[in-house]
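Secondary and tertiary structure notes
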Amino acid sequence: MRTAAQTAVLMSILTLGSKLIGFIREMVMANYFGTSYVTDAYVMAFTILSVLFGGIIAAISTAYLPVFSRISESEGKLEGDRFTSEIVNILLAISVVISLIGIFFSDQIIAVLASGFQGETAKLASFFVKVLFSYVIFSSTAAIIEAYLQYKGTFLPQIISGYFVSMCTIVAIIISAYTSYYYLAFGMVIGYILRFITMIMIAKRRDFKYKFTLNYGGNIREVAFLAIPTFIGSYMQYINQFVDKTLASRLIEGSISALNYASLLNNMIIGITITILATIIYPKLTQANSLKQYDRFNDIIGTGFNVVVIIALPCSLGAMVYSNQVVQIVYERGAFDITATAMTSSAFFYYSAGLLFLAISSLLTKVYYSMRDMKRPMIFAGVGVIINIVLNLILVQYMAHNGLALATSISAFCNAMLLWSGIRHRYTHIRLLESKYRLIKIVVAAIVAVGCSYILYDFIIIPCSHIIMRMAQLGIAVVMAVIIYLGLLKLFRIPEMELFRSLLRKKQR
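Here goes a summary of the coordinates provided. (Residues numbered from 1 in each chain as written. Predicted model: local features only at pLDDT ≥ 70, side-chain atom pairs only at ≥ 80, totals over all residues. Heavy atoms only, no water.)

**Focus: the overall build of the chain**
Secondary structure summary: the chain contains 21 helices and zero strands in total. Computed over the C-alpha atoms, the radius of gyration of the chain is 24 Å, within 12% of the 23 Å expected from 2.2 N^0.38 for a compact globule of 509 residues. Each of the three principal axes of the chain carries a C-alpha extent, and together these read 65 × 55 × 45 Å. Across the 509 residues that make up the chain, the buried fraction comes to 49%. Here the contacts in the chain between residues at least 6 apart in sequence split such that 83% fall between residues at least 24 apart. In the form shown here, the chain has an accessible surface area of approximately 24,100 Å², with 68% of it arising from carbon and sulfur atoms. Averaging the locations of the 40 positively and 23 negatively charged side chains of the chain gives two centres separated by 7 Å. (Helix = DSSP H or I, 4+ residues; strand = E, 2+ residues; numbered from the N terminus. Rg over C-alpha atoms; globule rule 2.2 N^0.38 Å. Buried < 20%, exposed > 50% of the residue type's maximum accessible area, 1.4 Å probe, protein only. Contact = heavy atoms within 4.5 Å. Areas by Shrake-Rupley, 256 points an atom, 1.4 Å probe, with all protein chains shown as cover. Lys, Arg positive; Asp, Glu negative; His and termini not counted. Charge placed at Lys NZ, Arg CZ, Asp CG, Glu CD.)

**Focus: the packing of aromatic side chains**
Following the criterion strictly, the structure yields 20 aromatic pairs and no others. Here the aromatic rings of Phe138 and Phe196 are separated by 5.8 Å at their centres, their planes lie at 65°, and the arrangement is edge-to-face. Here Phe196 lies in helix H9 (residues 186-205) and Phe138 lies in helix H6 (residues 135-151), a separation of 58 residues in the sequence. We classify Phe138 as buried; its relative accessible area is 18%. Ring centres of Tyr454 and Tyr457 lie 6.4 Å apart, and the angle between their planes is 10°; this geometry places the pair in the stacked category. Taken as a pair, Tyr454 and Tyr457 lie in helix H19 (residues 436-459) at a separation of three residues, close to a single helical turn. Owing to a relative accessible area of 33%, Tyr454 belongs among the partly exposed residues under this scheme. (Phe/Tyr/Trp six-rings, centres within 6.5 Å; stacked < 30°, edge-to-face > 60°.)

**With respect to the packing of helix H3 (residues 77-104) against H6**
Interaxial distance between H3 and H6 falls to 8 Å at its minimum, and their mutual angle equals 160°. Classified by the angle between their axes, H3 and H6 sit roughly antiparallel to one another. In the crossing of H3 with H6, the sense of the turn from one axis to the other is right-handed. Every residue of H6 that contacts H3 at Lys77, Asp81, Thr84, Ile87, Val88, Leu91, Leu92, Ser95, Val96, Ile98 and Ser99 is listed here: Val136, Ile137, Ser140, Thr141, Ile144, Ile145 and Tyr148. (Axes fitted to C-alpha atoms, helices over the stretch in contact; angles between N-to-C directions. Parallel < 35°, antiparallel > 145°, perpendicular 65-115°, else oblique. Left-handed = near helix turned anticlockwise from the far one by under 90°.)

**Quick word on helix H4 (residues 106-113)**
Given 3.6 residues per helical turn, the α-helix brings residues three or four places apart onto the same face. Among all positions in H4, only Ser106, Ile109 and Ile110 are buried. For H4, the angular spread of the buried residues around the axis is 95°, confining them to a single face. Exposed and facing more than 90 degrees away from the buried side of H4 are Asp107 and Val112. (Arc of directions from axis to C-beta.)

**Topic: the nonpolar core**
Of all hydrophobic cores here, the largest spans 60 residues; its most connected members are Phe297, Val367, Ile430, Tyr485 and Leu489. A total of eleven residues in this core trace back to one element, the largest contributor, which is helix H13 (residues 294-321). With residues up to four places along the chain from it excluded, the contact list for Tyr485 reads Val309, Ile310, Pro314, Ile442, Ala445, Ala446 and Ala449. Listed in part, the 45 residues of the second largest apolar core include Ala45, Ile57, Phe128 and Ile159. (Core = buried A, V, L, I, M, F, W, Y, C linked by side-chain atoms within 4.5 Å.)

**Section: a nonpolar patch on the surface**
Judged by side-chain polarity, Val171, Ile175, Tyr183, Phe186, Ile190, Leu194, Ile197 and Met201 come together as a nonpolar surface patch covering roughly 710 Å² of accessible area. Put simply, the parts of the chain that give the nonpolar patch at least two residues each are helix H8 (163-178) and H9. Among the elements that make up the nonpolar patch, the one with the highest residue count is H9 (five residues). Along the chain, Tyr183 turns up in the loop between H8 and H9. Accessibility expressed as a relative area gives 45% for Tyr183, which makes it partly exposed. (Patch = residues over 30% accessible without salt bridge, like charges linked within 9 Å, V, L, I, M, F, W, Y side chains within 5 Å. Salt bridge = Lys/Arg side-chain N within 4 Å of Asp/Glu carboxyl O.)

**Brief notes about the side chain of Asp81**
Its location among the elements puts Asp81 in helix H3. Each residue touching Asp81, except ones within four places of it in the same chain, is listed here: Phe68, Tyr148, Asp207, Phe208 and Lys209.

**Thoughts on the packing of helix H10 (residues 218-248) against helix H17 (residues 375-399)**
The geometry of H10 relative to H17 is characterised by a closest axis approach of 8 Å and an angle of 10° between their N-to-C directions. Taken together, the axes of H10 and H17 lie roughly parallel to each other. Judged by residue contacts, Phe225, Pro229, Ile232, Gly233, Met236, Ile239, Asn240, Val243, Asp244 and Leu247 of H10 engage Lys375, Met378, Ala381, Gly382, Val385, Asn388, Ile389, Asn392 and Leu393 from H17. In the contact of H10 with H17, the residues fall into twelve nonpolar, five polar and two charged. (Nonpolar A, V, L, I, M, F, W, Y, C, P; charged D, E, K, R; others polar.)

**Here we look at helix H11 (residues 255-271)**
The first and last C-alpha atoms of H11 sit 24 Å apart over 17 residues, in line with the 24 Å expected at 1.5 Å per residue. All of the buried residues in H11 are Ser255, Ala258, Leu259, Ala262, Leu265, Asn266, Ile269, Ile270 and Gly271. (Expected span 1.5 Å × (residues − 1).)

**Re the pattern of salt bridges**
According to the stated counting rule, one finds eight salt bridges in the structure shown. For Lys209, the salt bridge identified is with Asp207, shortest N-O distance 3.1 Å. A relative accessible area of 41% places Lys209 in the partly exposed class. As a salt-bridge pair, Asp373 and Arg376 come within 2.7 Å of each other at their nearest N and O atoms. Exposure remark for Arg376: the relative accessible area of 28% places this residue in the partly exposed category. In this structure, a network of salt bridges that share partners links the residues Lys77, Asp81, Asp207 and Lys209.

**What about the environment of Ser36?**
By secondary structure assignment, the location of Ser36 is in the loop between helix H1 (4-33) and helix H2 (37-75). Under the relative-accessibility criterion, Ser36 is labelled partly exposed at 24%. Between the C-alpha atom of Ser36 and that of Thr121, which follows or precedes it by 85 residues, the distance is 9.5 Å.

**Some remarks on unusual backbone geometry**
Unusually for a residue other than glycine, Asp207 sits at a positive phi of about 70°. Tracing the backbone through its elements, the reader meets Asp207 in the loop between H9 and H10. Located in the positive-phi region is Ala400, a residue other than glycine, with phi close to 55°. Tracing the chain through its elements places Ala400 in the loop between H17 and helix H18 (401-426).

Here it is, written out as structure tokens:
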């Protein structure tokens, strides 16, 4: 069996591969359709679907897990499977209704939410809505099965099955380019159908017993009760993004794009590191809390917190130090000139300053969720939005779009501190930080490692300015930083180093 650390690394690799395939998908789309009305119609239809229902599905799957854990541990596996079946059946019924709404009222939906579309663009977008709304049927149920499998310790197949969506979409793009634009939306739906089938097959192998039953009892109402604040809390980030883009629209041309490109880089780092750790830790926390194994609960949090800091801190410092180099390598070509690099790299610098606090917030939010406390993270997220808006209005006057990025990082810090303080005062039995000295050692190791790598970077002289050479120069510096960092962590005797050593061998859990 794989260790948790080995699973995390494999998840990172597979997630990175998924994002690369997604990037190829966008390149194929750009190659065949560019910025035409076809692309506008497709993107708008998918955006409408994501905004209306994406957050709801994620909230329900998040709220499902702690309730499922309590039922499974107290009443047994069969009752846990029965509860999961009830959730799946209810979501199927709701999804069918949503799909029918999309089919019969697609013209009205486009008229209201994409009022600028006219003629063929509106007609095409309306058709895409009809097709794409049916994907909710498969994505909602797959999300519950995915959470079920995560609780059972299965993480990797879900990521692999996600490849189906991008690959089917790529095939649909190519086919529709040579036949009819109207085939374009079917790729995503087929991809989600394949993903849904895969999730069901894996769940069956894990001995999931499906039951055709509907029950609107207390357990279902508890999931709904927990999902509402989770949904509201998750939508706070959309409010932040909307405010940032609104204020950026008043600045010089390119400000919105610079923030968008910088945010994509930041999200990439978070997606292949911290999000994966939180995904692995969350079901373990819910199980420990359901079994009232508070010592184990604290051990998971303590180890998780240290690992998050060990990974996120050097990533944050490295992204800040090498912000210009990273943006050059990733974006600077064609119409993306030196000016665009300067604007994007400065925004990336300030976004990266808050990466550690975003990571901590992600972990602490899961701690609350595992104890079925969804209200406090929602309240703290609301306070974070207010702080972000106030800082936006102040900093944008002095730092332009960089002020908007800095405000986001500061609000992330405030949110992390509120979450931390809330746990310390409300849940006194939880130990978030076992050793301050260990944390100081990690901070020192990260600063020294990144600092030494930057000094080395200046000494590496590569005469050619080709992108491959720039990547090699940065790669050498990063490898040196990793070597120094791991060496210092070992020298400081950080216990979590055992997790990294376990990557080199397999052992039984």
